[in-house]
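# Observations on the three-dimensional arrangement
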Amino acid sequence: MSQPTADGGAGGHASRRVCVVGEDLVAGVGDPKALGWVGRVTNRTGLSEGDAVFALGVPGESTGGLLQRWREETGRRWVPGADNRLVLGLGTADVGEDISLARSRLNLANVLDEAQTRRVPVMVVGPPPGPDPAVQGRTRELAEAFGDVCARRGVTYVDCFGPLTTHEQWFGDLAASDGHHPAQVGYGLLAWLVLHGGWYEWLGVPRP
């Protein structure tokens, strides 16, 4: 079997190195299978020899923390000559930290603009609805703002709030776990949204 290299795997393409940087759901917190949505998406993707997906989650991370962290995290894993890519998994920590909507938009915009300057393809996965009805309005605003920032830059955005806002299985799974994180059913739903939200097209791999 031929050995993969950074600039040409066994199949001849530049090896894909996808860094998924984000919060609790990227880390798969609460998942009894320890896969989260990132592991489930990776399992359903026809990756080639030499490709790699890195789940780099920090529980409770805001967009401000993400802005400060993403360069170092990706710099340790991307290599010259590879097809280096960035996925941002955004949560609702900005709501809890009372970060203004304008600041949340700016933090995301700064990451996207720098990545695009460096010619790094980016995909953004937005926050899903949480268990607290009192903050759902603010979460909706955040999700819509993130979507708008991405649309202005031509960045693929996966809306997780809209499809799950009245989804009984999603909220049932939250209630059945720790009340704040999904378990197997919820992470499966998030993975489905990502896979059907432009993942294969963005990554440049055929659908299985």
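Reading guide: rules and limits
- Starting from 1, residues in each chain are numbered consecutively following that chain's sequence as written.
- It should be noted that, the model being predicted, local features are given only for residues of pLDDT at least 70 and side-chain atom pairs only at 80 or more, the latter also being counted only at that level, while totals for whole chains, interfaces and linings use all residues.
- Values reported for side chains reflect all heavy atoms of the structure, with hydrogen atoms and water molecules removed beforehand.
- What makes two strands pair is DSSP finding at least two bridges between them.
- The helix and strand labels rest on DSSP assignments: H or I over at least four residues marks a helix, E over at least two residues marks a strand, and numbering proceeds from the N terminus.
- Axes here refer to lines fitted to C-alpha atoms; in helices the fit is confined to the stretch in contact. Angles between the N-to-C directions go from 0 to 180 degrees.
- Here a residue-residue contact requires only that any non-hydrogen atoms of the pair lie within 4.5 Å.
- For this analysis, a salt bridge means a side-chain nitrogen from Lys or Arg found within 4 Å of a carboxyl oxygen belonging to Asp or Glu.
- Partly exposed describes any residue whose relative accessible area lies between the buried limit of under 20% and the exposed limit of over 50%, with all areas from a 1.4 Å probe on protein chains only and scaled to the type maximum.
- Ring pairs are drawn from Phe, Tyr and Trp, using the six-membered ring of Trp, whenever the two centres fall within 6.5 Å, and their geometry is named by plane angle: stacked under 30 degrees, edge-to-face over 60, tilted for the rest.
- By definition, being over a ring means that NZ of Lys or CZ of Arg is both within 6 Å of the ring centre and within 35 degrees of the ring normal.
- For this analysis, a polar contact is any N or O atom pair within 3.5 Å, provided that within protein one partner can donate a hydrogen and the other can accept it, and provided that sequence-adjacent residues contribute only side-chain to side-chain pairs.
- Orientation is classified from the angle alone, with under 35 degrees giving roughly parallel, over 145 giving roughly antiparallel, 65 to 115 giving roughly perpendicular, and any other angle giving oblique.
- Less than a right angle of anticlockwise turn of the near helix away from the far helix marks a crossing as left-handed, whereas a clockwise turn marks it as right-handed.

Strands sit in the order β2-β1-β3-β4-β5 across an open sheet of five strands; the sheet is parallel. The sheet terminates laterally at β2 (52–57) and β5 (156–158), the two strands that pair on one side only. Taken over all neighbouring pairs, the strand axes of this sheet differ in orientation by 15° on average, direction set aside. Here strand β1 (residues 16–22) pairs with strand β3 (residues 83–89) via seven bridges, running parallel. For arginine 16, the partnering residue across the bridge sits in β3 and is aspartate 83. Where helix α3 (residues 63–75) meets the sheet, it contacts β1, β2 and β3, and its direction lies at approximately 155° from that of β1. In this fold helix α9 (residues 184–203) packs onto β1, β3, β4 (122–125) and β5, with an angle of close to 180° to the strand it touches most, β4.

Let's shift gears to the pattern of salt bridges. Tallied over the full model, the rule gives 13 salt bridges. Between arginine 16 and aspartate 51 there is a salt bridge, and its shortest N-O distance comes to 3.0 Å. Pair noted here: arginine 16 is in strand β1 and aspartate 51 is in the loop between α2 (36–43) and β2, with a separation of 35 residues, a long-range link. Judged by its relative accessible area of 10%, arginine 16 is buried. Between arginine 118 and glutamate 114 there is a salt bridge; the shortest N-O distance is 3.6 Å.

With respect to the helices and strands, the residue aspartate 173 is situated in helix α8 (residues 168–176). Taking the C-alpha atoms as reference, aspartate 173 lies 33 Å from proline 121; in sequence the two are 52 residues apart. Dropping the residues within four chain positions of it, aspartate 173 is found in contact with His181, Pro182, Ala183, Gln184, Val185 and Gly186.

For β1, the tally of buried residues reaches seven of seven residues, placing the bulk of the element in the interior. Residues Arg16, Val18, Val20 and Gly22 of β1 are buried on one face, and the alternating residues Arg17, Cys19 and Val21, pointing to the opposite face, are buried as well.

Time to look at the packing of aromatic side chains. Across all of its chains, the model carries one aromatic pair by this definition. With a centroid separation of 5.8 Å and an interplanar angle of 40°, the aromatic rings of tryptophan 199 and tryptophan 202 are classed as tilted. Pair noted here: tryptophan 199 and tryptophan 202 are both in helix α9, with a separation of three residues, about one helical turn. Both residues of the pair, tryptophan 199 and tryptophan 202, belong to the buried class. For the cation-ring pair, arginine 85 lies above tryptophan 202, with the distance from its terminal atom to the ring centre recorded as 5.0 Å.

Moving on, we come to the side chain of threonine 63. Examined against the element boundaries, threonine 63 turns out to sit in helix α3. By relative accessible area, which is 5% here, threonine 63 ends up buried. Polar side-chain contacts of threonine 63 include one of 3.0 Å to the side chain of asparagine 107.

With that settled, the discussion passes to the packing of α8 against α9. Relative to each other, α8 and α9 sit at 140°, their axes nearing to 8 Å. On the basis of their axis angle, the class for α8 and α9 is oblique. Like other packed secondary-structure pairs, α8 and α9 cross with a definite hand, here left-handed. Side by side, α8 and α9 meet where Gln169, Trp170 and Asp173 of the first sit next to Gln184, Val185, Gly186, Leu189 and Leu190 of the second.

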